[in-house]
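# Coordinates in review
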Amino acid sequence: MASIGIFDSGSGGLSVYRELVKVLPEERYLYFSDNAHCPYGEKTPEYIQDRGRAITDILLGMGADIIVVACNTATAAAIATLREEYPAVPFIGMEPAVKPAALGTRTGTIGVLATAGTLKGSKYLKTRGLYEDDVRIVEHVGQGFVELVENGILDGPEAESTVRASLQPLLDAGADTIVLGCTHYPFLQPVIQRLAGPDVQVIDPAPAVARQTVRVLQERGIPTGEGPFSVDLYFSGEPDSLQRIFALVSHV
Ligand code: DGL
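The notes below deal with the structure included here.

Reading the values: the criteria
- Residues numbered from 1 in each chain as written.
- Predicted model: local features only at pLDDT ≥ 70, side-chain atom pairs only at ≥ 80, totals over all residues.
- Heavy atoms only, no water.
- Disulfide = S-S within 2.5 Å.
- Buried < 20%, exposed > 50% of the residue type's maximum accessible area, 1.4 Å probe, protein only.
- Near = heavy atom within 4 Å.
- Polar contact = N/O pair within 3.5 Å; in protein donor to acceptor, adjacent residues only side chain to side chain.
- Areas by Shrake-Rupley, 256 points an atom, 1.4 Å probe, with all protein chains shown as cover.
- Nonpolar A, V, L, I, M, F, W, Y, C, P; charged D, E, K, R; others polar.
- Core = buried A, V, L, I, M, F, W, Y, C linked by side-chain atoms within 4.5 Å.
- Contact = heavy atoms within 4.5 Å.
- Pairing = 2+ DSSP bridges.
- Helix = DSSP H or I, 4+ residues; strand = E, 2+ residues; numbered from the N terminus.
- Axes fitted to C-alpha atoms, helices over the stretch in contact; angles between N-to-C directions.
- Salt bridge = Lys/Arg side-chain N within 4 Å of Asp/Glu carboxyl O.
- Parallel < 35°, antiparallel > 145°, perpendicular 65-115°, else oblique.
- Left-handed = near helix turned anticlockwise from the far one by under 90°.
- Phe/Tyr/Trp six-rings, centres within 6.5 Å; stacked < 30°, edge-to-face > 60°.

## Looking at the state of the cysteines
Taken as a whole and assessed by the stated rule, the structure comprises zero disulfides. The cysteine Cys38 is free of any disulfide, with Cys71 supplying the nearest cysteine sulfur at 8.4 Å. Distance from the sulfur of Cys71, which forms no disulfide, to the nearest cysteine sulfur (Cys182) is 6.6 Å. A residue is classified by how much of its surface remains accessible, and Cys71, at 4% relative accessible area, is buried.

Put into structure tokens, the structure is as follows:
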């Protein structure tokens with residue numbers, strides 16, 4: 001059994017946790033929500049690196065064998081620093097799913113929804129650079145999406161109008177594929193899909209990240225399976241938002 005540490009600025013990383021549990025059902029999970037410092041989207045890289053170190057120390061102290069940075073913004077700001085400072089620890093980061101989107105688009109235009117921090121990060125800009133000769137890539141910050149999810153507002157008029165404001169510019173630009181570049185956004189996927197319509201493909205990178213975690217555990221020779229499955233939730237702020245979203249993902 002492996003001990004898998006996961007962290008995010010809040011509940012968003014649970015969209016990755018729910019995919020991890022599908023491919024690694026018999027492990028010990030340690031999930032840290034840094035909701036006292038959420039959102040990360042507008043914070044400086046230095047701030048997020050400090051949070052990343054503090055959380056890594058906590059997760060390692062609890063016995064984590066591997067750390068999944070289940071946050072695109074923290075991956076962009078801090079994963080390189082964490083890998084450098086903790087060379088013995090395997091870190092898994094979020095990849096913006098630009099590649100599958102670029103391969104699948106029929107209109108030749110793909111849309112990326114992410115936080116400001118992710119869109120400014122060198123990792124995203126590098127990925128973008130690989131595909132922008134072949135497809136048109138349009139981006140928008142999912143303004144207010146993280147707050148909706150943290151407040152448990154996953155559908156209804158408020159969720160619809162907030163989502164529409166950031167999604168519509170991408171649809172107007174002709175995007176037929178939307179990449180969810182923030183781990184909170186999959187919890188709004190039903191609304192995003194409904195507003196975008198059935199011809200638009202919405203891509204959540206979490207299943208690919210879960211498969212990558214399996215590969216890295218194997219490469220490092222970290223034994224998995226045989227249970228017992230367990231999950232412990234930790235938070236730096238109030239427990240409510242995490243528990244609300246956890247109730248959703250623990251039924252899948
Ligand atoms: N869930 C996060 C991400 O994937 C962070 C969102 C935020 O805190 O702004 O980017």
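## A word on the site of the ligand
Close to the ligand lie 14 residues, the nearest being Ser9, Tyr40, Asn72, Thr73 and His184. Ser9 is positioned with one of its side-chain polar atoms (N or O) 2.6 Å from an oxygen atom of the ligand. Tyr40 has a polar backbone atom sitting 2.6 Å from an oxygen atom of the ligand. Within the complex, the protein chains bury 99% of what would otherwise be the 290 Å² of accessible surface of the ligand. Taken together, the residues of the shell around the ligand sort by class into six nonpolar, seven polar and one charged.

## Focus: the nonpolar core
Generally speaking, nonpolar side chains in soluble globular proteins are found buried as a group. Ile4, Ile6, Leu14, Val68 and Ile178 are the most contacted members of the largest nonpolar core, which totals 50 residues. Beyond its immediate sequence surroundings of up to four residues, Leu14 is in contact with Tyr31, Phe187, Leu242, Ile245, Phe246 and Val249. Of all hydrophobic cores here, the second largest spans 19 residues; its members include Ile48, Ala74, Ile79 and Phe91.

## A look at the sheet that holds strand β5 (residues 109-114)
Strands sit in the order β6-β5-β7-β8 across an open sheet of four strands; the sheet is parallel. This sheet does not close on itself; its edge strands, each paired only once, are β6 (136-141) and β8 (201-203). Neighbour-to-neighbour, the strand axes of this sheet turn through a mean angle of 20 degrees, independent of strand direction. Relative to β6, β5 is paired through six bridges, and the arrangement is parallel. From the neighbouring strand, Val112 faces β6, where its bridge partner is Glu139.

## Topic: the pattern of salt bridges
Under the definition given, this model contains 11 salt bridges. The salt bridge involving Glu160 is made with Arg164; its shortest N-O contact spans 4.0 Å. Taken together, the residues Glu160 and Arg164, both in helix α8 (residues 157-172) and four residues apart, mark about one turn of the helix. Overall, the relative accessible area of 38% leaves Arg164 in the partly exposed class.

## A word on the packing of helix α1 (residues 14-23) against helix α11 (residues 240-249)
Remark: α1 packs on α11, axes separated minimally by 10 Å, with the N-to-C direction vectors making an angle of 30 degrees. Judged by the angle between their axes, α1 and α11 are roughly parallel. For the element pair α1 and α11, the recorded crossing hand is right-handed. Contact residues: Leu14, Tyr17 and Arg18 in α1; Leu242, Ile245, Phe246 and Val249 in α11. When grouped by side-chain class, the residues that make up the contact of α1 with α11 number six nonpolar, no polar and one charged.

## A few points about the side chain of Arg51
By the element assignment, Arg51 lies in helix α2 (residues 45-61). For Arg51, a relative accessible area of 17% gives the class buried. In this structure the side chain of Arg51 is engaged in a polar contact, spanning 2.8 Å, whose partner is the side chain of Asp34. In this structure Arg51 touches Asp34, His37 and Tyr40, once residues within four positions along its chain are discounted.

## Here's the deal with the packing of aromatic side chains
Two measures describe an aromatic ring pair: the distance that separates the ring centres and the angle between the ring planes. This structure, assessed with the given rule, holds five aromatic pairs. Ring plane angle 90 degrees and centroid distance 5.3 Å describe the contact between Tyr17 and Tyr29, whose orientation is recorded as edge-to-face. Taken together, the positions of Tyr17 in helix α1 and Tyr29 in strand β2 (residues 28-33) put the pair 12 residues apart, joining distant regions of the chain. The residues Tyr17 and Tyr29 share a single accessibility class, namely buried. Plain terms: the ring middles of Tyr29 and Phe229 are 6.0 Å apart, the flat faces sit at 55 degrees to each other, and that makes the pair tilted. Taken together, the residues Tyr29 in strand β2 and Phe229 in the loop between α10 (206-219) and β9 (230-235) connect sequence positions 200 residues apart. For Phe229, a relative accessible area of 39% gives the class partly exposed. Clustering of aromatic rings is evident, with ring pairs tying together Tyr17, Tyr29, Phe229 and Phe246.

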